Amino acid sequence: MSDVRGGAAQPTLVVEGLKTHFFTEAGVVKSVDGVDLSVSRGEILGLVGESGSGKSVTGFSILGLIDQPGRIVGGSVKLNGEELTTASPKRLRSLRGDRIAMIFQDPMMTLNPVLKIETQMIETLQAHIKIGHAEARARARDALGRVGIPSPEERLDSYPHQFSGGMRQRVAIAIALLHGPDLIIADEPTTALDVTIQAQILSEVQTLCRETGTALIWITHDLAIISGLADRVAVMYAGRIVETGAIAEVVSNPRHPYTYGLIGSVPSRNKRGQRLTQIPGMTPSFLSLPQGCAFAPRCPNADAKCLEMPELSPCPSAAHRARCFHPMPEGAEA
Amino acid sequence: MSEAMRKPETNGAPPVISVRGIDMVFLKKAPGVLDGLARRAGLPRPEPVGVHALDGVDLDVMKGEVVGLVGESGCGKSTLGRVIAGILDPTAGTFRFHGREMSEMSPQERYRAKVAVQMIFQDPFASLNPRKRVIDIIGEAPVVHGIVPKAEISDYVDEIMLKCGIDPAFKQRFPHQFSGGQRQRIGIARALAVKPQFLVCDESVAALDVSIQAQVINLFMDLRRDFDLTYLFISHDLGVVEHIADRVVIMYLGRVVETAPTAELYANPRHPYTQALLANMPRISTEKQAFGQIKGEIPSPLNPPSGCHFHPRCPFAFDRCVAERPRLITKAPGIAAACHLLEEAAR
Ligand SMILES: Nc1ncnc2c1ncn2[C@@H]1O[C@H](COP(=O)(O)OP(=O)(O)OP(=O)(O)O)[C@@H](O)[C@H]1O
Ligand SMILES: Nc1ncnc2c1ncn2[C@@H]1O[C@H](COP(=O)(O)OP(=O)(O)O)[C@@H](O)[C@H]1O
Ligand code: SF4
Ligand code: SF4
Ligand SMILES: [Mg+2]
Ligand SMILES: [Mg+2]
C-alpha cells in the first residue's frame, strides 16, 4: 500500500487543522476551514475539488503566501518537522524556491517576460547557493533537458515569449526542480494545455518524483488526471477535505456522497448516451454556508443529523476517511 | 438503448449541412516596419503570411446526428464551426443546406437558413451582453425574426427558460447575477429561442465545473430529443465527445485526419494521431496511466510540416509522409482516415 511507504519515516509535509480566512467587507470568507493533509517522500497526492473549493488557497497557505485581507487563523503546517505557520518571512523566503517549489496554472507567474531563461535560472540558483556562472549554466541546461526541452543549450538564450505555452510550463517546472526541493505544489499546471502536451508533462513529472524522491501535491479539478497520476487523493468541498484515501480505493469505492456524485458526473465509456448523474444545485457561497455539513442541500442522504458538522472519520480504516454521517454503502457503483 | 442514442433516420434525405473543399486562409500582414523598409529600399515587399486554418475540409451532418469535432488548440475547430454557422465566409469551398447550395437560394431562403443554424460559445459570460436583462437576451431575436409576436414574448421566454432549467422568476436579472452554469443555460436558451434546427456548440461545457458540466450535457441531450436538433459539438475533451456524439471527426492543423462512428473510433482508431490522443486521454480508472507516448510539440499553423502534417511527431512516419499529403481514404461506410499506412496496407 502506498500509504505505508517509507515505513516509520515522518511524512515530508503534515498539515493539520489548517484554517485560512479572508476578512472581506462582505464578511469572513472561510476558504480553508480545517484542512488535514500529509504527503511523503516520492509520493504524489492529488488535491481535487471544483472551482472555489479552496484548493489554491490551501496551496498558498502551505507556502506562506497569503496576503491581506487573508490570514492563517489556525492549524499547523510542518515541513520535515519544522512549523511554517509561525516561521519568519525571511525563513519562508529561503524555504521557497529551495525546499518547497510551486508550479502555477499560468507559467508567467514564475517567469519574468523581459529576462532570458538563462538569467532567470541562474538567479534562482544563486539566490540559495554559492555557485559560479559556468556551473550554474550547466545545471540550468541539464534541468531543461530533464523536462524534455529539445536543444536546451540554445534554448537558454531565449525569452519566455519565444516558447509555446507547453514549453513555458516545462521551463517553469525546470526552475521548480533546480534545487531538488523536498516538496512541489503544482496548481492546475496542465489545465490550459492540449492532451498530448499535458500527457508529456504528466509523464515527466511522474518520473522525476520517483527518481528524486520529491513529494508532490497536484491540485486539479480533473479527477481523471489524478486517477492516472496520484498515489493518494484528497477531495475538497467548501473549504474542507471531505474524503481521502488511496486513489484506487476512493475511485472504486467512493464513500462521501459528493465524491460519489462527482465520479458519476464524469462522462465515460460505460455511460455513453445515458444521462449523467447530476449533483443538483450548485456550490454554496462561502458567505452563506449551510449549518453543519456544507453538502447537505445537494445531498441525497441528508437528514436532521447533518445539521451538525461531521468529522473526517475512518471509512472503514484510517487509510480511507470520509466526512459524512451517512456514507454511501461500501462498493456502491458511481 | 436510450432515446438519445437512436440512429438518425435519413431516409435518403440530403444532409442538413454539407460542406466540400472548405479553405480558410487568414492573412497575417507582414509587420509594418518590414514593409516600410522594403518599400524604401526598393525591394519586393514581403509576402503576406497566411494561416491555413482550414485546408480542404469536407463534412456532412445528417438530420438528428450529433457530430463531435475534436482536435488540439489551433487546429481549426472554431473556424470550421463559424463557417458552418454562417458567421465566417470561407476563402474557398461550397456550402449546402438541405442539399441546396447557398448561391442557389433566394435572399429570403438564405436568411432562413442562417437563423436555422445557431452557435453556442465557450465563454458564457463574454457572449452575453452585460447590460441586457435575461428577458431581452432571450426574447429579442425571436421578435426580430418574426418567430413570436411581441405581445407573446414574455410567456415564450418563460417557456424556453423552463426548458433550459432556469427559473423564469429570474428573467429581469442581468447576466452577472448568475453562476457560470446558469449563464451557459441562458446562452443555450438564447440560441433555442429562434427555433433552430442545427446547433454548433463550441466548447460549450469546457468552462464549467464537472458537476455543472454534467447538468448541461444532460440538457443538450434532452433538447436534442424534444426539439429534434442536430449538433456539431466542438470539444477538446475526448470524454465528453465519447459520451455525447454519434460520430467523431478528428482534425489536425486544418485538415480532417479521421472520421468514424463514435464507438468504432474509440475502439479501433486508425490514424496514428487519433491513437495518440486516445492513449493520452485521462480516464478515471483504478490503474496508473502510462502518459506521454507522443513526442514533440504541435507545429505552428503558420508553417506546417510538409506532406502529412503529423509526420514530425508520428512514430510510423516514412519517406512518403514527408513528401506527399495523404488523402482521406474510406475504409468502410462512414469510416475514413488520412494516412499513407492505410493505403500501403491496402496494396
Ligand atoms: N481572425 C483570425 N485571424 C487570423 N488568424 C486566425 C483567425 N481566427 C483563427 N485564426 C487562426 O486559425 C487557426 C485555427 O484557429 P481556430 O480558432 O479555428 O482553432 P481551434 O481549433 O478552435 O483552437 P482552440 O482549441 O484553441 O479553440 C489558428 O492558427 C488561429 O490562430
Ligand atoms: N484574496 C482573496 N480575498 C477574498 N476571498 C478570496 C481571496 N482569494 C480566494 N478567495 C476565496 O477563497 C475561496 C477559495 O478560492 P480558491 O482556493 O482559489 O479556489 P480553488 O479551489 O478554485 O483553487 C473562493 O471563494 C475565493 O473567492
Ligand atoms: S453528512 Fe449528511 S449531508 Fe453531509 S454528505 Fe453526509 S449524509 Fe450528506
Ligand atoms: S501519413 Fe505517415 S506521418 Fe502521417 S500519420 Fe500516416 S504514417 Fe504517420
Ligand atoms: Mg485554483
Ligand atoms: Mg476554438
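Starting from 1, residues in each chain are numbered consecutively following that chain's sequence as written. Just so you know, chain letters begin at A and ligand numbers begin at 1, following the order they were written in. For a predicted model such as this one, the threshold for reporting local features is a pLDDT of at least 70, and the threshold for listing and counting side-chain atom pairs is 80 or more; totals across whole chains, interfaces and linings nevertheless cover every residue. The side-chain numbers reported here are obtained from all heavy atoms of the structure, hydrogens and water having been left aside.

Colleague: Mind showing me how you'd approach the interface of chain B and chain A here?
Modeller: The extent of an interface is frequently quoted as the accessible surface area lost upon association of the parts. If you look at the interface, chain B gives 45 residues, while chain A gives 45 residues. As a working definition, buried area equals the accessible area (1.4 Å probe) given up by two parts on being put together, with both sides summed. For the chain B and chain A pair, buried surface summed over both sides reaches about 3,900 Å², with 56% attributable to carbon and sulfur atoms. Looking only at chain B, the three residues that lose the most surface to chain A are His243(B), Ile284(B) and Phe291(B), adding up to 18% of its buried area. A pairing counts as a salt bridge when a side-chain nitrogen of Lys or Arg comes within 4 Å of a carboxyl oxygen of Asp or Glu. Counting across the interface, chain B meets chain A through two salt bridges. Lys288(B) is paired through a salt bridge with Asp231(A); the nearest N and O atoms lie 2.9 Å apart. Residues are treated as being in contact if the distance between any of their heavy atoms lies within 4.5 Å.

Colleague: Even after reading the chapter, I still don't get unusual backbone geometry, so can you show me in this structure?
Modeller: Trans peptide bonds make up most of the peptide bonds, and negative phi angles are found at most residues other than glycine. Each neighbour pair has its own omega, and for Gln68(A) with Pro69(A) the value is 0 degrees, a cis peptide bond. Working definition: helices are DSSP H or I runs of at least four residues, strands are E runs of at least two. Numbering for both runs from the N terminus. Take Pro69(A): it is sitting in the loop between α1 (55-63) and β4 (70-79). Cis geometry is adopted by the peptide bond preceding Pro316(A), which originates at Cys315(A) and carries an omega value of 5 degrees. Among the secondary structure elements, Pro316(A) is positioned in the loop between β11 (312-314) and β12 (321-323). Phi at His98(B) takes a positive value of approximately 50 degrees, unusual for a residue other than glycine. Here His98(B) shows up in the loop between β4 (92-97) and β5 (100-101). Exposure is judged per residue with a 1.4 Å probe applied to protein chains only, and the accessible area is read against the type maximum: over 50% gives exposed, under 20% gives buried, and values in between give partly exposed. For His98(B), a relative accessible area of 34% translates into the label partly exposed.

Colleague: Mind showing me how you'd approach the side chain of Glu118(A) here?
Modeller: One can find Glu118(A) in helix α3 (residues 117-128). With sequence-adjacent residues up to four places away left out, Glu118(A) is seen in contact with His133(A), Arg137(A), Leu156(A) and Asp157(A).

Colleague: Explain the site of ligand 4 here, please?
Modeller: When at least one non-hydrogen atom of a residue lies within 4 Å of a molecule or strand, that residue is treated as near it. In the neighbourhood of ligand 4, 13 residues make up the surrounding shell, with Cys308(B), Cys314(B), Cys321(B), Cys339(B) and His340(B) lying closest. Only Asp, Glu, Lys and Arg are considered charged in this grouping, and only Ala, Val, Leu, Ile, Met, Phe, Trp, Tyr, Cys and Pro are considered nonpolar; every other residue, Gly among them, is considered polar. Taken together, the residues that form the shell around ligand 4 break down as ten nonpolar, three polar and no charged.

Colleague: Would you mind showing me how to read the site of ligand 1 here?
Modeller: Residues and elements named next belong to chain B. Around ligand 1, the structure places Phe26, Val51, Ala53, Glu72, Ser73, Gly74, Cys75, Gly76, Lys77, Ser78, Thr79 and Pro301. Identification of polar contacts relies on pairs of N or O atoms within 3.5 Å, with a donor-acceptor requirement for protein atoms, meaning one able to donate a hydrogen and the other able to accept it, and with residues adjacent in sequence counted only if both atoms are side-chain atoms. Measuring from an oxygen atom of ligand 1, one finds a backbone N or O atom of Gly74 at 2.8 Å. One of the backbone N or O atoms of Gly76 is found 2.9 Å from an oxygen atom in ligand 1. Here the open area of atoms and residues is found with the Shrake-Rupley method and a 1.4 Å probe, where only the protein chains shown may cover a residue. The protein chains hide 68% of the 640 Å² of surface that ligand 1 would expose on its own. Broken down by element, the residue count for the shell around ligand 1 peaks at three residues, all from helix α2 (residues 77-84). In terms of residue class, the shell around ligand 1 is made up of five nonpolar, five polar and two charged.

Colleague: I tried to follow the confidence of the model for chain B on my own but got confused; where do I start?
Modeller: Detailed conclusions should not be drawn from predicted coordinates in areas where pLDDT is low. Residue and element names in this part refer to chain B. The predicted model of chain B averages 88 in pLDDT, with 89% of residues at 70 or higher. Every residue gets a pLDDT, meaning the predictor's confidence in that residue, from 0 to 100. Averaged pLDDT values over the elements of chain B bottom out at 60 in helix α1 (residues 32-40) and peak at 98 in strand β10 (residues 255-261). Note on residues 1-7: pLDDT under 50 across the span, and nine contacts to partners over four residues away in sequence or across chains. Reported for the predicted complex are a pTM of 0.87 and an ipTM of 0.83.

Colleague: Where do I start with a nonpolar patch on the surface in this structure?
Modeller: Residues and elements named next belong to chain A. Taken together, the side chains of Phe23, Val28 and Val73 make up a nonpolar region of the molecular surface, amounting to roughly 210 Å² of accessible area. Relative to the assigned elements, Phe23 resides in strand β1 (residues 13-24). Phe23 gets classed as partly exposed once you look at its relative accessible area, which sits at 35%. Nonpolar side chains (Val, Leu, Ile, Met, Phe, Trp, Tyr) within 5 Å and like charges within 9 Å form the patches, drawn only from residues with over 30% relative accessible area and no salt bridge.

Colleague: What should I look at first to understand helix α7 (residues 195-212) of chain A in this one?
Modeller: Its 18 residues place the ends of α7(A) 26 Å apart at the C-alpha level, agreeing with the 26 Å of an ideal helix rising 1.5 Å per residue. Just past α7(A), the residue Gly213(A) takes up positive phi, approximately 75 degrees. Residue count minus one, scaled by 1.5 Å, sets the expected span of a helix.

Colleague: Honestly, the environment of Phe316(B) in this entry has me stumped. Any pointers?
Modeller: On the secondary structure map, Phe316(B) appears in the loop between α10 (272-279) and α11 (319-323). Spatially, the C-alpha atom of Phe316(B) lies 24 Å from that of Leu69(B), the residues being 247 residues apart in sequence.

Colleague: I'm lost on helix α4 (residues 133-146) of chain A in this one. Help?
Modeller: Residues and elements named next belong to chain A. Its 14 residues place the ends of α4 20 Å apart at the C-alpha level, agreeing with the 20 Å of an ideal helix rising 1.5 Å per residue. The inward-facing, buried residues of α4 abut α3, α5 (152-155) and α6 (165-177). In the stretch just after α4, Gly148 is the one whose phi turns positive, near 80 degrees.

Colleague: Whenever I open this one, the confidence of the model for chain A confuses me. Can you help?
Modeller: Across chain A, pLDDT averages 91, with 96% of residues at or above 70. The low-confidence segment residues 1-7 of chain A (pLDDT under 50) makes ten contacts with residues lying over four places distant or belonging to another chain.

Colleague: Would you explain the environment of Gln68(A) in this entry?
Modeller: All names here are of chain A. Mapped onto the elements, Gln68 comes out in the loop between α1 and β4. The exposure class of Gln68 is exposed, given its relative accessible area of 68%. A C-alpha to C-alpha distance of 27 Å links Gln68 and Thr124, two positions 56 residues apart in sequence.

Colleague: What is the right way to read the nonpolar core from this model?
Modeller: General note: in soluble globular proteins, nonpolar side chains tend to be found buried as a group. Residues Ile138(B), Ile188(B) and Phe220(B) are the most contacted members of the largest nonpolar core, which totals 64 residues. By residue number, the principal contributor to this core is helix α7 (residues 210-227) of chain B, which donates eight residues. Once residues within four sequence positions are removed from consideration, Ile188(B) is found in contact with Ile120(B), Cys164(B), Val216(B), Leu219(B), Phe220(B) and Leu223(B). Membership of the second largest hydrophobic core comes to 62 residues, among which are Ile44(A), Ile173(A), Leu208(A) and Val266(A). Note on terminology: a nonpolar core comprises buried Ala, Val, Leu, Ile, Met, Phe, Trp, Tyr and Cys residues joined through side-chain atoms within 4.5 Å.

Colleague: I would appreciate a short explanation of the packing of aromatic side chains in the present structure.
Modeller: Note on aromatic pairs: each is described by the distance of the centres and the angle between the planes. Only Phe, Tyr and Trp rings take part, Trp by its six-membered ring, and two of them pair if their centres are within 6.5 Å. Stacked means planes under 30 degrees apart, edge-to-face means over 60, and tilted covers everything else. Tallying each qualifying case throughout the model produces ten aromatic pairs over all chains. With 6.0 Å between their ring centres and 70 degrees between their planes, Phe170(B) and Phe178(B) make a pair best called edge-to-face. When the ring of Phe220(B) is compared with that of Tyr231(B), the centres are 5.6 Å apart and the planes differ by 90 degrees; the resulting orientation is edge-to-face. Of the two residues, Phe220(B) sits in helix α7 while Tyr231(B) sits in strand β8 (residues 230-234), which places them eleven residues apart along the sequence. For the pair Phe220(B) and Tyr231(B), a shared accessibility class is recorded, and that class is buried. Put simply, the rings of Tyr237(A), Tyr258(A) and Phe295(A) touch in pairs and so form one group of aromatic residues. The rule for a charge over a ring is simple: NZ of Lys or CZ of Arg within 6 Å of the ring centre, and within 35 degrees of the ring normal. The ring of Phe163(A) has Arg155(A) lying over it, and the distance from NZ or CZ to the ring centre is 4.4 Å.

Colleague: Before we go on, may I ask you to explain the pattern of salt bridges in this structure?
Modeller: All names here are of chain A. As enumerated under the stated definition, the model contains 35 salt bridges over all chains in all. Put simply, Arg99 and Asp182 hold a salt bridge, and the shortest N to O gap is 3.1 Å. Placement of the pair is Arg99 in the loop between α2 (89-95) and β6 (100-103) and Asp182 in the loop between α6 and β7 (183-187), with a sequence separation of 83 residues. Close ionic contact of Glu204 with Arg170 constitutes a salt bridge, the shortest N to O distance being 3.2 Å. With Glu204 in helix α7 and Arg170 in helix α6, this residue pair connects regions lying 34 residues apart in the sequence. Residue Glu204 shares its accessibility class with Arg170, and that shared class is buried. The network of salt bridges with shared partners includes Glu118, Arg137, Arg141, Asp142, Glu153 and Asp157.

Colleague: Got a minute to help me understand the pairing of β7(A) in this structure?
Modeller: Each regular strand shows side chains that alternate between the opposite faces of the sheet. Residue and element names in this part refer to chain A. Judged by how many residues are buried, β7 sits mostly within the fold: five of five residues are covered. Side chains Leu183, Ile185 and Asp187 of β7 all project onto a buried face; the interleaved residues Ile184 and Ala186 project onto the opposite face, where all are buried too. We call two strands paired when DSSP finds no fewer than two bridges between them. Looking at chain direction, β6 and β7 are connected through four bridges and run parallel. Note that in β7 the partner of Ile103 across the bridge is Ala186. Pairing analysis gives five bridges linking β7 to strand β8 (residues 215-220), with the strands arranged parallel. When the sheet's bridge partners are listed, Ile184 is paired in β8 with Leu216. When the strands point away from the viewer, a crossover counts as right-handed if the path from the first strand over the helix to the second runs clockwise. Where the polypeptide runs from β7 across α7 and back to β8, its parallel neighbour, the crossover connection is right-handed.

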